[in-house]
Amino acid sequence: MASADLYAAELYEALRAGRTLLPLMGRDPELTIDDAYAISLGFLERRLEDGERVVGKKIGVTSKAVQEMLGVHQPDFGFLTDAMFVEGDIDVAAHRLIQPRAEAEIAFLLREGLKGPGVTPADVVAATEAVAPCFEIVDSRITDWKIGIIDTVADNASCGVFVLGSERLDPAELDLPNLHVAVRKNGEPLSEGFGHAVQGDPAMAVAWLANTLGEYGVSLDAGDVILSGSLVPLAPAVAGDRFDMMLSDAQGAAIGSCTAQFI
C-alpha cells in the first residue's frame, strides 16, 4: 500500500481546500483498520501542527439507522479539536464544509479520565460532569459519501464541526437509554430517536470508545467532550438550513435543546 503518511497528507489537503478524494479502499484494497487509524492519526498530527488542540473524541456509526444509511456496520472513532467547536452560526464556507450532514447526539463532558480495557457504562456515568444536547455536523472528504469503514476511519470518522446546547444535565439522574430527541429542519418535523439507538445506551457507547482507544494507547481525558453517536438518521445541510433538536427525559419532559443554523 501507499504509506499512511501519504494518505494522511491527501486528506489534510482535501480538508484545507474543501474538496474530496476518491475512496481510499477503491485505490488500495489491502488497507486494514489499523492502517486507517494510522492515517487518521497522521491527519490529526497535521491539524495539531497548524495550532489546533484536541478537546475530545467522537464515536461514529453507532446506530442502526446510520449504519444502514452509510453501509458501514461497525462503530469507529475520531478526534475533536477546538477548531471543530462552533458557537453561534455555522459558516459553511469558513469551515470548508463540503457535503455536511447534521445528526442529533448526546455529548458527555468528562470530569475524570477513562482508559480501557474494562471501562463500564457505570464508570462512564461516574466520570461524567454533565451531558448536553448536541449537533454533530459530519462531513466527508470522500467523494459523494462513498465510504466504507476504512474510508471513514481514515477521515477522522467523517467529523466536521459540532455545536453544544446550553443545558448541562447530571447523567446519574437520567434514564440515558430512554432519553428522546426530536429534530426539526427549517421548522418542520424531521426525525426522532432514543438514547438506546446508540449501542443500547449512550454510556455503553462511551465505554466502547474508552476500551477501543485503550487498545491504541489513547485515553479519554478529564475535560474532554465525547460525542456518543447519532440518535437519528443523518440529514443533509446547506447554507440557509436550520436544525433544532429537543431532548426530553423518559417521562416526556423537555430537558434541553440545541440549534444548528447554517449560513
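Being a predicted model, the structure only gives us computed values, none of them experimental. (Residues numbered from 1 in each chain as written. Predicted model: local features only at pLDDT ≥ 70, side-chain atom pairs only at ≥ 80, totals over all residues. Heavy atoms only, no water.)

Draft legend 1. The arrangement of the overall build of the protein chain in detail. Secondary structure assignment for the protein chain yields seven helices and 11 strands. Computed over its C-alpha atoms, the radius of gyration of the protein chain comes to 17 Å, within 12% of the 18 Å expected for a compact globule of 263 residues. Expressed as a percentage of the 263 residues in the protein chain, the buried residues total 56%. Restricting to contacts in the protein chain with at least 6 residues of sequence separation, those with at least 24 account for 75%. For the protein chain, the accessible surface area stands at approximately 10,400 Å², while carbon and sulfur atoms represent 51% of it. Positive and negative side-chain charges of the protein chain, numbering 19 and 40 respectively, have mean locations separated by a distance of 4 Å. (Helix = DSSP H or I, 4+ residues; strand = E, 2+ residues; numbered from the N terminus. Rg over C-alpha atoms; globule rule 2.2 N^0.38 Å. Buried < 20%, exposed > 50% of the residue type's maximum accessible area, 1.4 Å probe, protein only. Contact = heavy atoms within 4.5 Å. Areas by Shrake-Rupley, 256 points an atom, 1.4 Å probe, with all protein chains shown as cover. Lys, Arg positive; Asp, Glu negative; His and termini not counted. Charge placed at Lys NZ, Arg CZ, Asp CG, Glu CD.)

Draft legend 2. Highlighting the sheet that holds strand β7 (residues 188-194). On the basis of which strands lie adjacent, the open sheet formed by four strands has the order β7-β6-β10-β11 and antiparallel pairing. Whereas interior strands pair on both sides, the edge strands pair on one side only; in this sheet they are β7 and β11 (254-261). Sheet twist, expressed as the mean angle between neighbouring strand axes with direction ignored, is 20°. Pairing analysis gives six bridges linking strand β6 (residues 180-185) to strand β10 (residues 242-248), with the strands arranged antiparallel. Across the sheet, Val183 pairs through a bridge with Met245, a residue of β10. (Pairing = 2+ DSSP bridges. Axes fitted to C-alpha atoms, helices over the stretch in contact; angles between N-to-C directions.)

Draft legend 3. Quick peek at helix α7 (residues 202-215). The first and last C-alpha atoms of α7 sit 20 Å apart over 14 residues, in line with the 20 Å expected at 1.5 Å per residue. For α7, every residue scored as buried is listed here: Pro202, Ala203, Ala205, Val206, Ala207, Leu209, Ala210, Thr212, Leu213 and Gly214. Lining the buried residues of α7 we find β1 (54-60), β2 (76-81), β3 (101-110), α5 (121-127) and β8 (225-230). Backbone nitrogen of Ala203 and a side-chain oxygen of the N-cap are separated by 2.9 Å at the start of α7; the cap is Asp201. Immediately downstream of α7, the backbone of Gly217 shows phi near 75°, a positive value. (Expected span 1.5 Å × (residues − 1). Polar contact = N/O pair within 3.5 Å; in protein donor to acceptor, adjacent residues only side chain to side chain.)

Draft legend 4. Representation of the packing of aromatic side chains within the structure. This structure, assessed with the given rule, holds seven aromatic pairs. With a centroid separation of 6.3 Å and an interplanar angle of 80°, the aromatic rings of Phe77 and Phe79 are classed as edge-to-face. Using a relative accessible area of 4% as the deciding quantity, one classes Phe77 as buried. An angle of 35° between the planes, with centres 5.4 Å apart, marks the rings of Phe85 and Phe162 as tilted. Taken together, the positions of Phe85 in the loop between β2 and β3 and Phe162 in strand β5 (residues 159-164) put the pair 77 residues apart, joining distant regions of the chain. Judged by its relative accessible area of 33%, Phe85 falls in the partly exposed class. Given the relative accessible area of 1%, Phe162 is considered buried. Counting every residue linked through ring pairs, the aromatic cluster contains Tyr37, Phe77, Phe79 and Tyr216. (Phe/Tyr/Trp six-rings, centres within 6.5 Å; stacked < 30°, edge-to-face > 60°.)

Functional significance is not addressed by these values, which are geometric in nature.
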